[in-house]
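Each chain, written out:
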Amino acid sequence: MALTSCYNTLQNYYISSGIQDLDGISDNGVSVFSYANEQSINQNITIASHATDMWYYDGYKRLTSYNIFLKNLAVYQNTDVSEPEKKNYEAQVRLMRAMEYYRLWVFYGSVPLVLEPLTVATQYVEKASAEAIYQQVIADCDFAIANLPAADFWATSGHLNKAAAQVVKARACLYHGYDPDGVARAADMNTVASVTGDIINSGQFQLGTYYRGLFAPSVGQQANNKEYIFAVYFLGPNNSKYGLWGFNVSTMQFYWQSVHPSQSLLDAYEFSDGTPFKPGDARIDPKHLYKNRDPRMAQTVCIDTVHWEDGSFNVLGAPKYPTIPYLFWKSCDKEEVVQNGGVNAQKENTNITAYVPAIRYAEVLLSYAEAVNELDGPTKAVYDAVDTVRARAKMPSLPAGLGKEQMRERIRQERRVELAFEGFRYFDIKRWRIAGKVLHGMNDGLITRQFISPKNYLWPLPEQEVQINRNLKQNTDY
């Protein structure tokens, strides 16, 4: 029950069913209602404000749960839990802790490193260095790799496994693997290539047959999908996938129109023959922008009509925001949509059991390709990894003869469209050190964004915490 309580923290909207909102602070998307202060962040964080506090406070709440569990597990003496089981439980929760510190490290850099429950006497914790936070992430991942089963998501009944720990380690090493000028570090890339290569060579995982089937339960392809390395599991009817305030995610997208793709993302989808999109091209149909385009585009965004996989459709009507008419719909589900046009805001009433993929095999292939290309250039293994992802999308293989820099851009392009609205893009443009280039001056249909580089690569700590904790120093430039 205590372990299940820890897993319950992973159902937080902003890191599971609402992960698409995170793309609202990247060049991929627009969050029109700014539930997590996306517009404040996009207009430039000039002082320590409440705009970025949510991730700090929610993060340490989750860490509190993990640390309480780990402290009590360490002293648990009853014989109903064997020593191997205790190691397994510890590894699962230490991996959750690694996932949380990874987020805090990316957002804030140097933060307090808290590894056991705080008391009145120990509450004033100073910041650990950003490098120390990274090293703790790696240590927790390594413990998890050594003590979690080498089994897939379904064999572990939805619990974390060895491959999940390897992917979290790869994410951290990829982020650590670029210097402030965006130049790759060979040692980190070697680690990424090793752990992702191990997953590929295990043969345990494979891509699902249909892209949108990974995200929408009623398509009928979520159960036993071998692409899931880890997913957040919502067991209906009492634990259905939710949006905010009890409304389902499809209602939020179709009625509220809460998340939209940016024009920049729309333009990133290639033509179906693999050539880059260019405005004014004769292949463009103004009434059906996704005609003759990468099929993932039509499975990720829509405009006035939603065509469901069973052949039915819903007409959504005129967009509420004409300057950003396209909607994100990749994870929307027909069974969540009330059949009077699909726009009635209704409280959650579905019996759907749903999975929100948090770690999937496509990410492994693309991370492996990125690391090996940075080390050795566009080898056959690099081509094979990227082309495997493209083949599932029914896109042609990459052209032969690409140079290292050309392959780098193709891999980054592939990550952008394959992982759109899954919470990766903001982290990617920061670690590649291109966030200022792609965000500053971007007009997203509501505001013109500002990103002051290098200042905005890290967020300020909550000012309230700095005032309360005499040992906590604010981040530079705030």
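Scroll up for the structure.
In this report, the structure presented in the accompanying data block is examined. (Residues numbered from 1 in each chain as written. Predicted model: local features only at pLDDT ≥ 70, side-chain atom pairs only at ≥ 80, totals over all residues. Heavy atoms only, no water.)

Attention shifts here to the overall build of the protein. Tallying secondary structure elements over the protein gives 16 helices and 8 strands in all. In summary, the protein has a C-alpha radius of gyration of 22 Å against a globular reference of 23 Å for 478 residues, a match within 12%. Summarising its shape, the C-alpha atoms of the protein cover approximately 65 × 50 × 50 Å along the three principal directions. Pairs at least 24 apart in sequence give 71% of the contacts found in the protein among residues at least 6 apart. As displayed, the protein offers around 19300 Å² of accessible surface, 53% of which is attributable to carbon and sulfur atoms. (Helix = DSSP H or I, 4+ residues; strand = E, 2+ residues; numbered from the N terminus. Rg over C-alpha atoms; globule rule 2.2 N^0.38 Å. Contact = heavy atoms within 4.5 Å. Areas by Shrake-Rupley, 256 points an atom, 1.4 Å probe, with all protein chains shown as cover.)

With that settled, consider the packing of helix H3 (residues 53-74) against helix H4 (residues 83-108). At a minimum axis distance of 10 Å, the contact between H3 and H4 shows a crossing angle of 160 degrees. Comparing their axes, H4 and H3 come out roughly antiparallel. H4 is crossed by H3, and the crossing has left-handed handedness. In the contact of H3 with H4, the residues fall into 16 nonpolar, 2 polar and 8 charged. (Axes fitted to C-alpha atoms, helices over the stretch in contact; angles between N-to-C directions. Parallel < 35°, antiparallel > 145°, perpendicular 65-115°, else oblique. Left-handed = near helix turned anticlockwise from the far one by under 90°. Nonpolar A, V, L, I, M, F, W, Y, C, P; charged D, E, K, R; others polar.)

Structurally, Leu 316 can be placed in the loop between strand E6 (313-315) and strand E7 (327-328). Along the backbone, Leu 316 and Val 306 are 10 residues apart, and their C-alpha atoms lie at a distance of 7.4 Å.

So, about the side chain of Asn 67. The residue Asn 67 is located in helix H3 in this model. A polar atom in the side chain of Asn 67 sits 3.0 Å from the backbone oxygen of Val 114. Filtering out sequence-adjacent residues up to four positions away, Asn 67 remains in contact with Arg 97, Val 114, Leu 115, Glu 116 and Pro 117. (Polar contact = N/O pair within 3.5 Å; in protein donor to acceptor, adjacent residues only side chain to side chain.)

The gaps of empty space that remain are located by a probe, the size of a water molecule, rolled over the atoms. In this model, the largest pocket occupies a volume close to 510 Å³. Taken together, the elements giving at least two residues each to the lining of the largest pocket come down to H4, helix H5 (130-147), helix H6 (162-176) and helix H14 (425-431). Class assignment of the residues belonging to the lining of the largest pocket gives a composition of 11 nonpolar, 4 polar and 8 charged. (1 Å grid on protein atoms, 1.4 Å probe; cavity = no way out; pocket = protein on both sides within 12 Å on 5 of 7 lines; lining within 4 Å. Points joined across faces, edges and corners; volume = space filled by probe spheres on them.)

For the rest of this paragraph, the subject is the nonpolar core. What tends to happen in soluble globular proteins is that the nonpolar side chains get buried as a cluster. The biggest cluster of nonpolar side chains holds 110 residues, and the ones touching the most others in it are Trp 55, Leu 95, Tyr 101, Tyr 108, Ile 229, Phe 230 and Trp 459. No other element matches H4, which puts 13 residues into this core. Counting 13 residues, the second largest nonpolar core, distinct from the first, contains Ala 268, Tyr 269, Leu 289 and Ala 420. (Core = buried A, V, L, I, M, F, W, Y, C linked by side-chain atoms within 4.5 Å. Buried < 20%, exposed > 50% of the residue type's maximum accessible area, 1.4 Å probe, protein only.)

Below, the discussion takes up the pairing of strand E8 (residues 354-360). Taking burial as the measure, the 7 residues of E8 include 6 buried ones, the bulk of the element. For strand E2 (residues 228-234) and E8, the ladder comprises 6 bridges, and the chain directions are antiparallel. Pairing of Tyr 228 across the sheet is with Arg 360, part of E8. (Pairing = 2+ DSSP bridges.)

On to empty space enclosed by the protein, then. For the structure on display, the rule yields 5 cavities of 30 Å³ or more. Lining the largest cavity are 27 residues, and of these Ile 19, Arg 103, Arg 171, Ala 358 and Glu 422 sit closest to its centre. The set of elements that each furnish at least two residues to the lining of the largest cavity consists of H4, H6, E2, E8, helix H11 (361-376) and H14. It is E8 that contributes the most residues to the lining of the largest cavity, 4 residues altogether. Here the residues of the lining of the largest cavity sort into 16 nonpolar, 3 polar and 8 charged. In this structure, the second largest cavity occupies an estimated 120 Å³ of space.

Residue Ser 453 is joined to Pro 454 through a cis peptide bond whose omega torsion reads 5 degrees. Mapped onto the elements of the fold, Pro 454 is located in the loop between helix H15 (435-439) and helix H16 (463-468). One non-glycine residue, Phe 421, lies in positive phi territory at about 65 degrees. Its location among the elements puts Phe 421 in the loop between helix H13 (404-418) and H14.

Take the pattern of salt bridges next. Across all of its chains, the model carries 33 salt bridges by this definition. Across the pair Arg 94 and Asp 140 runs a salt bridge whose closest N-O atoms are separated by 2.7 Å. Of this pair, Arg 94 sits in helix H4 while Asp 140 sits in helix H5, and the two are 46 residues apart along the sequence. The pair formed by Arg 94 and Asp 140 is uniform in burial state, with each residue classed as buried. Asp 142 is paired through a salt bridge with Lys 169; the nearest N and O atoms lie 2.7 Å apart. With Asp 142 in helix H5 and Lys 169 in helix H6, the pair connects residues that are 27 residues apart, well separated along the chain. Residue classification places Asp 142 among the partly exposed positions, given a relative accessible area of 32%. Each of Glu 227, Glu 270, Asp 294, Arg 296, Lys 330, Arg 360, Arg 390, Arg 392, Arg 410, Glu 414, Glu 418 and Glu 422 takes part in salt bridges that share partners, so that together they form one network. (Salt bridge = Lys/Arg side-chain N within 4 Å of Asp/Glu carboxyl O.)

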